[in-house]
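Read off the chains here:
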Amino acid sequence: MSNDILKQLTAILEARKNNADAESSYVASLHQKGLNKILEKVGEECTETILAAKDAQTSGDNSDLIYETADLWFHSLVMLSHLGESADAVLNELARRFNMSGHDEKAARSNT
């Protein structure tokens, strides 16, 4: 189910990136404003997600955390789309890391 949602969302993001009017589409307006605006939104959503996680730890209520994580993922997908990538590229990278120690993966990155 989740992969289907990512595929649907990726298709919608691409359609709005390429064909929607910035006056009527939030996604199109982000693309029109450029990468710096998109990165600003990713950073904003990242901060809001961190704060929601801290609040969830003390309150025991994860609903805001889920909401903010969805916003973070959404804006990350817009960023990827703006740079010509998709969720599939990230999913492929995660799949590549299966059966690999996190320590080994990190060490391999520092050698490149």
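Residues numbered from 1 in each chain as written. Predicted model: local features only at pLDDT ≥ 70, side-chain atom pairs only at ≥ 80, totals over all residues. Heavy atoms only, no water.

Caption draft 1: Inspection of the packing of helix α2 (residues 26–33) against helix α3 (residues 35–59) at higher detail. Relative to each other, α2 and α3 sit at 120°, their axes nearing to 5 Å. Relative to α3, the element α2 is oriented oblique. Along the contact surface, α2 presents Y26, L30, H31 and K33, while α3 presents K37, I38 and K41. Residue classes in the contact of α2 with α3 are distributed as three nonpolar, one polar and three charged. (Axes fitted to C-alpha atoms, helices over the stretch in contact; angles between N-to-C directions. Helix = DSSP H or I, 4+ residues; strand = E, 2+ residues; numbered from the N terminus. Parallel < 35°, antiparallel > 145°, perpendicular 65-115°, else oblique. Contact = heavy atoms within 4.5 Å. Nonpolar A, V, L, I, M, F, W, Y, C, P; charged D, E, K, R; others polar.)

Caption draft 2: Quick look at the side chain of T49. Position of T49 among the secondary structure elements: in helix α3. Residue classification places T49 among the buried residues on the basis of a relative accessible area of 11%. If we skip the residues at most four places from it in the chain, T49 touches L65, E68, T69 and L72. (Buried < 20%, exposed > 50% of the residue type's maximum accessible area, 1.4 Å probe, protein only.)

Caption draft 3: Looking closely at the packing of α3 against helix α4 (residues 63–82). Contact pair α3 / α4: the axes reach a minimum separation of 8 Å and the direction vectors enclose 160°. Classified by the angle their axes make, α3 and α4 are roughly antiparallel. Where α3 crosses over α4, the two elements pack in a sense that is left-handed. Listed contacts from α4 to L35, I38, L39, K41, V42, E45, C46, E48, T49, A52, A53 and A56 of α3 are D64, L65, E68, T69, D71, L72, H75, S76, V78, M79 and H82. Its residues placed into classes, the contact of α3 with α4 shows 12 nonpolar, five polar and six charged. (Left-handed = near helix turned anticlockwise from the far one by under 90°.)

Caption draft 4: Spatial organisation of empty space enclosed by the protein. Considering all chains together, one arrives at one cavity of 30 Å³ or more under this definition. One number sums up the size of the largest cavity: a volume of about 30 Å³. When residues of the lining of the largest cavity are traced back to their parent elements, those giving at least two are α1 (2–19) and α4. Tallying contributions element by element places α1 first for the lining of the largest cavity, with three residues. A class-by-class count of the residues in the lining of the largest cavity yields three nonpolar, three polar and two charged. (1 Å grid on protein atoms, 1.4 Å probe; cavity = no way out; pocket = protein on both sides within 12 Å on 5 of 7 lines; lining within 4 Å. Points joined across faces, edges and corners; volume = space filled by probe spheres on them.)

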